[in-house]
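Single-letter residue listing:
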Amino acid sequence: MKKKHGLKFLSLLVVLGMLLSACSNSTSGSGNTASKGNAEENIGKFPKSVKNNKTPIKDGTLHYALVSDTPFEGTLNYAFYEGQPDADVMQFFDIPLFSVNKNYEITNDGPATYKLSNDNKTITVTIKDNVNWSDGKPVTAQDYEYSFLVIGNKDYTGVRYGDELMQSIVGMKEYHEGKASNISGIKIINDKTLSITFTKANPSLLTGLWAYAMPKHYLGDVPIKDLAKSDKIHKAPIGFGPFKIKKIVPGESVEFERNDDFYAGKPKLKSIILKVVNPKVIVQALKKGEVDVAGEFPEDQYMAAKGSKNIQLIGQIDLAYNYIGFKLGHWDAKKSVNVMDNPKFQDKRLRQAMAYAIDTKTVGDKLYHGLRFPATSLIPPSFPDWYDKNANAIGYDPAKAKKLLDEAGYKDIDGDGFREDPNGKKFTINFLFMSGGDIAEPLAKFYIQCWKNVGLNVQLVDGRLAEFNSFYKMVQNDDPKVDIFAGAWGTGTDVDPYGLYGRDVSFNYSRFVSDKNDQLLADGHSEKAFDHAYRKKIYDEWQTYMNDEMPVIPTLFRSNITPVNNRVKGLNANYGTDVNAWANVTVTSATPDVE
Amino acid sequence: MLKFILRRIVFMIPQLLILSILIFALAKAMPGDALTGRLASNPKMDAHTLMELKHKLGMDDPLPIQYGRWIKGLFHGDLGMSIIHQIPVTQLIAGKLGNTILLGVAVLILSYLIAIPLGVISGRWTDTWADKLIVGYNYVTFATPLFIFALLVLFIFGFVLGWFPTSGSIDIQAQNGTFAYYMSKLNHLVLPAFSGAIVSTTVTIQFLRNEIIDTKLKDFVKTARAKGVSESKVYNHHIFRNSLLPIAAFLGYDIVYVIGGSVFLESIYGYPGIGQLFLTSIMQRDYSVVTALVMISGLATLVGTLLSDIILSAVDPRIRIE
Amino acid sequence: MKVEIINPKQQKQKKEKKHGVFSILWREIVKDKLALASLMLLGLILIIVYGTSLLLNQDKIVKVDLLSIYSPPSAEHWLGTDYGGRDILGQLIIGARNSFTIGLCITLLTGCIGLCVGLCAGYFGGKVDNTIMRVIDFFLILPMLMLIIVFVSILPKYNVFSFILIMSAFLWTGKARLIRSKTLAERELDYVSASKTLGTPDWKIIFREVLPNLSSIIIVNLTLNLAGNIGIESGLTYLGFGLPESTPSLGTLVSYATNPDILQNKWWVWLPASLLILVMMLCINYIGNAFKRAADARQRLG
C-alpha cells in the first residue's frame, strides 16, 4: 500500500521536475517585472539603428527569422503576393525602383530617377544604367511597362488593380476592358526611360506610384492568367535586389547569396538565411543566437526579450493606428456612395464624450508596456511631416465626458447607473470587437468599464468577441447589430486619407460624410497639394476637423520593434522601406552572441 | 472476403457524395470569404474591382453551379485553385503531404515501439515498481496537452541542450540527395516525432495493460501453465497475441492521423504540413483547399476503417468475415 | 456421522455478504486504501469547487483590472492574477467546476450513446451492424475541427452547454467502435447461445449478460475519457476556438503556458490548473481501478 502512495508522489515529482527544468531558464531580470512600477517604454526611446563599434568581418552570413506561426505562402512577386510573410522574403531580392524619404515620397537615390512635368500629370522615369536583373540582363523601361500591362490586364488575378492611382493612368481603362492592346498613357522613350501620364494631378503619385518592374524577358512567355501560379514566381523568381535566391524550402526557409552586380555596390554580407520561426519560440531562438534578426516580432514577446544581454531592440512607429468607429449610416452599393442615416449617434457631443471617457494611456502602458501610445489624430506620427500634434486631440477626461453627456440630454433617470437617451428610453450601445491574442478580451472589457464609469451601457455584440471574418462581414455589410466597432488600419505609405474616409469609398466603415470632409479630402490630393505647405495646411485642418466630429475615435498608435543580435552592424529600423538596407548590413563576428 | 471489400467500397460512394455536399454547403455558410483577408492587406481597392475579381474567381455564380463545377473537377483530379496560395490545390497539397506523412509514420512507429513493450511489462509484472513507474508516466503524459508537451520538449532538447534543430523540416544548406540531406531530414524529425509519439502512447499502453491483466486470468492460460508451458511462452505466444486485439482495431484508424497531420506539432516546430494547412485555410476561407482536404481525409478514413476491419477479422477468428 | 443441528437463529447472525452493485463497489474501494484516499480527495475537491463557486460572483472574477496584470501571489490574490488582472484562484475554482461539468457530461453522453449503438451493432451483426457502422463511418469522416469552427462562428449563444453538445456529437463514435468489436467477440460465446435457446429476449441478453462481461473495458474507457475530457478544451483554446473568454476553465488556464514568458516566469497562472487536472485525473483513475476490480469477481479484493 505504501508503495502505491509513493507512486502518486513520484508522478508529481516527475511533473515538478520537468517544470523546474523549464523554470530554471528564466532570466533573472525579467523575474519580477510584474510588480508595480511597470517601466513604460516610449517608442522614442528605441534607437533607430543598431549600436555596434566593432569591425565587421568579411563575407559574413546573417540569420533572419520570419516570425510567423504559419509557413510563408511563396507567391514571390509584388503584383501577386498577399501575405506579409511573402513581403518579408521579397525584401532581400526584389526591390522597388525608387527609394523613399522619411515621408515615404519617392526620391532619386534609388535604382531609378524621376521628373515631374509642369502640370504634375506626367512622370518621367529613368532607370540607372547599372541596374541589372540577377541573371545579368539589364532592367529596362519595357520591364517597368510590362508590370503595368500585367496588372491592368483583364486576366490579372491579383488585387493591385483596385488602386485609384493605377486606374487613373491614361488609357488604363481601355486596356483593361480589352479595347486597346497597350496602355496609351505609358510611353517608352528609350530602353531606360519611360513616361506615365495620369488623368489628373494627384500628389499621392509620389507616395503611391506602383514602383515595381517585372522581368519581361523571363516572365513574358507565361500567359498572364497563369502567372500567379507559375514556378517562375514560386520556385525561381529573379529581382535586382542586393541578394539573389539560391534555394527555397517551400514555406520554411530561403537561402540568399550576394548579388555581386548590385547597382549600389557589392553587398557586404555573403549570404543571408531566412527561416520561419514560431512566435512562441522566437525569444529562445534569439537568446541562443540561432537567429540574428527577428522580423515581424510579436508585441506580446517584448517583455520576454527585453532583458536579454545579447540582443538590442531597434524600433520605429508603425504606419498604422487603432480606432473605435461609430456606425453612422450604410453603404449604398447601387449608387456606390455612403449614406449617413443612422440617428443613434448623430449628436457629436455623444461621440466626443465617448472619446473623453476612455483611458488609452493606461491601455498603452499596462497592456502593451508602452509599445502603444495614445493616438491623437487620424494621421499617425510615422508621417512626420503630415502628423499634426496640435490637432485638438481628445484626451482622457471623464469629467468632461459626463458634462457633455448631460448637455446632450443623456441623463440617468431611473438611477440604475446608466444614462437614458434624450427621449428617456433605455440606451444600450453594442460594441463589436475582434478576437485574437490574449489581449483582446481584457481590452474590450476595459473599454466597456471606462464607458460604464461615465454612465454609458456598452455591451459586446452577441456577448462575445467576433472572429476576424465575421467581424469584417458585419462591419462591411452595416449589420444593424453593430453600433460601434474597434479595429485597426494600416495606412500604407500614402498619407491620403481619402481611401478610408471618402464619400464614395466602401472602406469608409463609419459611413461618415459631410461637405466639409469632401472638400478637405479633395483639396488634400488635388494638384495644388503638390505644394507641401498647402497640403500640410489642409491635412492639419482635416485632422482638427475629424477630432471635432469624431466619427472615428483614434485610440492607439503602434510601434514596430526588431530585436537584433549584438554582432549585427549597419541595420536601421526602417529596413522595410529602405531599398539598399540589406546591402549595408554586416556582422562583426563569425558566431552570434549568446546570452 | 472479396465480396465484403467490394461491398464496402460501393458504400463509400454515397458517403463521400453526401460529405461533399455537406462540406460545400458548410464552407459557403461560414461568414466571410477568401477575399476578406486579401482586402485587409490592400484596403484601397474599390467596390467595382472587387466585384470584378469575384466574378473572375467564379465566386458569384449560383451555388449549385459552383458545386457542379467543383465535382466535375474532382473527377478529373483537378482540385481547383487555392485563392490564398495562388497555385493549384493539387500542387499545394502534394508539396506538404510528403512532410506530413513522413512525420505521421515516424510518430506511429515510435509510439508503437514505446507503447507495446511498456504495456507488456506493465501488464505482465503488475504492481511492481516498473508497472507503477509506467502507469505514473502514463498519467503525466495524459494530463499534459500535446502542445505544452511539444513546447517543453523543444525547449529542453532543442534550445537548452541544443541536441536537435528547433524548426523546419530540413537544413537549407544540405545538398539535395546526399547522405547529409537524409540525415538532416531525420534530424529535424526527431523532436516532433518524439513529442507526438509520447503523447499518443497513453491509450495504447492503457488498453494493452488492461487486456493482458484480463487475459492473464482466463482459463486457457491456467491450462497452458498446468500443461507445463514455459512462462515466457505463455506470455509471448498466448497472452500477447490475444491482447493485441483492440490495438489492431485502431491500426487502420491511425492512418487517418498520419495523413491528417497534427496542427500543434507542425505549428510549434515550424514544420509545414497538412494539419496546419487545413487550419489556416479554414481561417482564411480558402474553400478549395478546405474542401479538397476534407474529401481526401474522408476517403482516407473510410479506407482506414476498412483496413481496420480486415485486420481485425484476420487476427480474431471469432469475428472472421466469410 | 454426526448430525448437526444448526440453530436457525445462529444462521441469521452470520454476516450476510450483500451482493448489491453499490455494496460491491463500496467494499472494493474501502479495501483499496489508495482508491479510498482518492475518493475522499476527489470528493473534497468537488465539494469545495461546486460549493464555493455558488458563493463566488463570476462577474467579479472576470472583471478586468489593468493595474494588477500578472501580479504574483499575494494576500489580496492568493494565486496572483493573469493578463487581465483577474484573480487566478477564483478562475481556478469556477474553471474547475466548468471543466469537471464538461468532462462529466461529455463522458456520460458519449458513453450512453456509444454503448447502446456499439452493443446493438455488435450483437445483432449482419445488416444491422453494417448499417450502423456505415453511419458511424460517416460521422468519422466529418471534419470535426471545421464544424466546431463553424458552430462557434455561427451560434449566437455559445456557452458551456453548447460546447458539451457539439463535442458529444463527435466523440461517441470511438466508443461505439470499441464496444462493437468486443461485442462481436462476446456473442459467439456459449452463454449467449444458451440464453437464446432458452428464449431470453435479446435486450435482456444484451444488457444483463453481455454488458457485464464488457464492463472492464467499458470502465477503463470511461475513466480514461472522464480524465481526458476535463482538459479537452485546452487544445481548442490554443487554436482560438475554445470556450468564450469570459468562461474560465482549467483548459484555458493551462493553455496560457504556451506563451514562454508565462511558462517560465509566471508559473502561478498555469501551474495550479495543471496540478489540479493531474490530481483529479489520478483520483478518477484509482477509483476507476477499484470499479474495474469490482466488476470482475476474480479480481476483487474484498
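Everything here concerns the structure above.
Residues numbered from 1 in each chain as written. Chains lettered and ligands numbered in written order. Predicted model: local features only at pLDDT ≥ 70, side-chain atom pairs only at ≥ 80, totals over all residues.

Some thoughts on the overall build of chain B
The line we're drawing: Helix and strand labels come from DSSP, where a helix needs a run of H or I of at least four residues and a strand needs a run of E of at least two; each type is numbered from the N terminus. With C-beta atoms placed from the backbone, a residue is buried if 20 or more other C-beta atoms are within 10 Å of its own, exposed if 12 or fewer are, and partly exposed between those counts. What counts as a contact here is a pair of residues whose C-beta atoms, placed from the backbone, lie within 7 Å.
On a plain count of helices and strands, chain B comes out with 14 helices and 0 strands. Seen in sequence order, chain B has helices and strands lined up from the N terminus as α-α-α-α-α-α-α-α-α-α-α-α-α-α. By the burial criterion, 45% of the 322 residues in chain B qualify as buried. In chain B, the proportion of contacts linking residues at least 24 apart, taken out of those at least 6 apart, comes to 72%.

Observations regarding the overall build of chain C
On a plain count of helices and strands, chain C comes out with 14 helices and 0 strands. Relative to its full complement of 302 residues, chain C shows a buried share of 50%. Restricting the contact set of chain C to residue pairs at least 6 apart, pairs at least 24 apart contribute 67%.

A short note on the sheet that holds strand β2 (residues 112-116) of chain A
All names here are of chain A. Where we set the bar: Pairing between strands requires that DSSP locate at least two bridges from one strand to the other. As a rule, the C-alpha atoms of each element are fitted with a line to give its axis, helices using only the stretch in contact, and angles between N-to-C directions run from 0 to 180 degrees.
Sheet architecture is open: 4 strands sit in the order β2-β3-β5-β4, paired in antiparallel fashion. Both outer strands of the open sheet, β2 and β4 (186-190), are each paired with one neighbouring strand and no more. The average undirected angle you get between the axes of adjacent strands in this sheet is 20°. Set on the sheet, helix α3 (residues 141-152) makes contact with β3 (122-127), β4 and β5 (193-197); between it and β4 the angle comes to about 170°.

Some words on the packing of helix α9 (residues 190-198) of chain C against helix α10 (residues 202-229) of chain C
Residues and elements named next belong to chain C. Test applied: Here is the rule for angles: anything less than 35 degrees is roughly parallel, anything more than 145 is roughly antiparallel, 65 through 115 is roughly perpendicular, and the remaining ranges are oblique. For a crossing to be left-handed, the near helix must be turned anticlockwise from the far one by less than a right angle; the clockwise case is right-handed. We call Asp, Glu, Lys and Arg charged. Ala, Val, Leu, Ile, Met, Phe, Trp, Tyr, Cys and Pro are nonpolar, and the rest, Gly among them, are polar.
One way to put it is that α9 packs onto α10 with a least axis distance of 11 Å and a crossing angle of 150°. By the criterion of interaxial angle, the relationship of α9 to α10 is roughly antiparallel. Pair α9 / α10 crosses with right-handed handedness. On α10, the residues touching Tyr191, Val192, Ser195 and Lys196 of α9 are Ile205, Glu209 and Val210. Here the contact of α9 with α10 is composed, by residue class, of 4 nonpolar, 1 polar and 2 charged.

Section: the environment of Leu328(A)
Residues and elements named next belong to chain A. Positionally, Leu328 belongs in the loop between β10 (311-326) and β11 (330-332). Along the sequence, Leu328 and Asn342 sit 14 residues apart, while their C-alpha atoms lie 5.0 Å from each other. When near neighbours in sequence (up to four residues on either side) are disregarded, Leu328 contacts Met340, Asn342, Phe345, Ser510, Arg511, Phe512 and Pro551.

Some remarks on helix α13 (residues 274-283) of chain B
Residue and element names in this part refer to chain B. Most of α13 is tucked away, with 9 of its 10 residues classed as buried. Of all the positions in α13, only Ile274, Gly275, Gln276, Leu277, Phe278, Leu279, Thr280, Ser281 and Ile282 are classed as buried. A positive phi of about 60° marks Arg285, the residue just after α13.

Things to note about the interface of chain B and chain A
Note on interface size: it is often stated as the accessible area lost on association of the parts. Contacts between chain B and chain A engage 47 residues on the former and 55 residues on the latter. Every element with two or more residues in the side of chain B that touches chain A is listed here: α2 (34-41), α3 (47-56), α6 (129-143), α7 (146-160), α12 (263-268) and α13 of chain B.

Structural notes on the packing of helix α5 (residues 88-124) of chain C against helix α14 (residues 267-295) of chain C
Residues and elements named next belong to chain C. Put simply, α5 and α14 touch, their axes get as near as 10 Å, and they point 30° apart. Between α5 and α14, the angle falls in the class roughly parallel. Our pair here, α5 against α14, has a crossing hand that is right-handed. Facing Ile88, Leu92, Gly95 and Ala96 of α5, the residues of α14 in contact are Trp268, Val269, Pro272, Ala273 and Leu276. For the contact of α5 with α14, the class distribution of residues is 8 nonpolar, 1 polar and no charged.

A few points about the nonpolar core
Convention followed: To form a nonpolar core, buried Ala, Val, Leu, Ile, Met, Phe, Trp, Tyr and Cys residues must be joined through C-beta atoms within 7 Å.
With 319 residues, the main nonpolar core has Ala65(A), Ile282(A), Ala150(B), Leu154(B), Ile277(C) and Met281(C) as its most contacted residues. For this core, the element with the highest residue contribution is α14(C), accounting for 19 residues. With residues up to four places along the chain from it excluded, the contact list for Ile277(C) reads Ala143(B), Ile230(C), Gly231(C), Leu250(C) and Val254(C).

Quick word on the pairing of strand β14 (residues 428-433) of chain A
Residue and element names in this part refer to chain A. For clarity, the threshold we go by: Look down the strands so they point away from you; if going from the first strand over the helix to the second traces a clockwise path, that crossover is right-handed.
Pairing of β14 with strand β15 (residues 457-460) involves 4 bridges; the strand directions are parallel. Note on β15: the bridge partner recorded for Phe431 is Leu460. Crossover connection from β14 via helix α15 (residues 440-453) to parallel β15: handedness right-handed. With 3 bridges connecting them, β14 and strand β16 (residues 484-490) associate as parallel partners. Note on β16: the bridge partner recorded for Phe431 is Ile484.

Section: unusual backbone geometry
All names here are of chain A. Located in the positive-phi region is Asp59, a residue other than glycine, with phi close to 55°. By the secondary structure assignment, Asp59 is in the loop between α1 (2-23) and β1 (61-67). Classification of Asp59 by C-beta neighbours within 10 Å gives partly exposed; the count is 13. In this structure, Glu296 is a non-glycine residue whose phi angle is positive, near 60°. Relative to the elements of secondary structure, Glu296 occurs in the loop between β9 (293-295) and α11 (302-306).

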